[in-house]
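Inside the fold
One-letter residues, chain by chain:
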Amino acid sequence: VPLLRDFMTMSYEEFVGRRANHNYGFSLLLVHYFFHMDAQGKGRRMSAFLRALHSGERGDALYRHLLAGRSFAELEKDIARAWLGKGVSIRFGS
């Protein structure tokens, strides 16, 4: 998959473009990760992100809710490690 920052900031046109099925599928993995695998599976970070998005936050201020002090590279490692434990291999930057 693309680098996480690139994936999360791609335009709608790119998201629904030639790799739409891939993008929708990976989005499901991300949503599941943030609601059920990250931060003791409570979904707090995703809920904070969605509240901030609804209130108009954008850019780095918005993503800090999901990053929780991590860099995007560290978050990629956390996501890949969590899914590998479920038998799903994710490689960022491809």
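See the structure above.
Note on numbering: residues in each chain are counted from 1, in written sequence order. A pLDDT threshold of at least 70 governs which residues receive local features in this predicted model, and a stricter bar of 80 or more applies before side-chain atom pairs are shown or counted, although totals over entire chains, interfaces and linings include all residues. Computation of side-chain values covers all heavy atoms of the structure but excludes hydrogens and water.

Here we look at the overall build of the chain
The secondary structure content of the chain amounts to six helices and zero strands. Overall size of the chain, expressed as C-alpha extent along the three principal axes, is 35 × 30 × 20 Å. Throughout, a contact is declared for two residues whenever any of their heavy atoms are within 4.5 Å. In the chain, of all internal contacts separated by at least 6 residues, the share reaching a separation of at least 24 is 49%. Computed with the Shrake-Rupley method and a 1.4 Å probe, the accessible areas treat only the protein chains shown as cover for residues. Accessible surface computed for the chain: about 6,000 Å², of which carbon and sulfur atoms make up 54%. Comment: elements are numbered from the N terminus, with helices defined as DSSP H or I runs of at least four residues and strands as E runs of at least two.

Regarding unusual backbone geometry
For residues other than glycine, phi is negative in most cases, and the peptide bonds are mostly trans. Even without a glycine there, the phi angle at A39 is positive, about 50°. On the secondary structure map, A39 appears in the loop between α3 (20-37) and α4 (44-54). Backbone geometry places A68, a non-glycine residue, at a positive phi of 50°. Mapped onto the elements of the fold, A68 is located in the loop between α5 (59-67) and α6 (72-84).

Observations concerning the pattern of salt bridges
Here, a salt bridge means any Lys or Arg side-chain nitrogen found within 4 Å of an Asp or Glu carboxyl oxygen. In the structure shown here, the tally under the stated rule is six salt bridges. Where R5 meets D60, a salt bridge forms, and the shortest distance between an N and an O atom there is 2.6 Å. Pair noted here: R5 is in helix α1 (residues 4-9) and D60 is in helix α5, with a separation of 55 residues, a long-range link. Classification of residues uses two cut-offs on accessible area relative to the type maximum, computed with a 1.4 Å probe and protein chains only: under 20% is buried, over 50% is exposed, and between them is partly exposed. For R5, a relative accessible area of 38% puts it in the partly exposed group.

Considering the packing of α4 against α5
Lines fitted to the C-alpha atoms define the axes, with helices restricted to the stretch that makes contact. Angles between their N-to-C directions range from 0 to 180 degrees. In the contact formed by α4 and α5, the axes pass within 7 Å of each other and the chain directions differ by 165°. Put simply, α4 runs roughly antiparallel to α5. Crossing hand, α4 versus α5: right-handed. Residue-level contacts link R45, M46, A48, F49, A52 and L53 of α4 to L62, Y63, H65 and L66 of α5. Each residue receives one of three labels: charged for Asp, Glu, Lys and Arg, nonpolar for Ala, Val, Leu, Ile, Met, Phe, Trp, Tyr, Cys and Pro, and polar for the others, Gly being one of them. Looking at the contact of α4 with α5 residue by residue, the classes come out as eight nonpolar, one polar and one charged. Oblique is the label for any angle not covered by the other classes, which are roughly parallel (under 35 degrees), roughly antiparallel (over 145) and roughly perpendicular (65 to 115). Helix crossings are classified by the rotation of the near helix relative to the far one: an anticlockwise turn of less than a right angle makes the crossing left-handed, while a clockwise turn makes it right-handed.

A short note on the packing of aromatic side chains
Two rings belonging to Phe, Tyr or Trp (six-membered ring only in the last case) form a pair when the distance between their centres is within 6.5 Å. Interplanar angles under 30 degrees mark stacking, angles over 60 mark edge-to-face geometry, and anything in between is tilted. The final tally for this structure, using the stated rule, is seven aromatic pairs. Consider the rings of F7 and F26, whose centres lie 4.9 Å apart with planes at 80°: the pair is edge-to-face. With F7 in helix α1 and F26 in helix α3, this pair connects stretches of sequence that are 19 residues apart. We classify F7 as buried; its relative accessible area is 6%. Overall, the relative accessible area of 4% leaves F26 in the buried class. Ring geometry for F26 and F92: centres 5.9 Å apart, planes at 75°, overall edge-to-face. Here the residue F26 occupies a position in helix α3, and F92 occupies one in the segment after α6, the gap between them amounting to 66 residues. Note on accessibility: F26 and F92 belong to one class, buried. Three or more aromatic residues link up through ring pairs in this structure, and these residues are F7, F15, Y24, F26 and F92.

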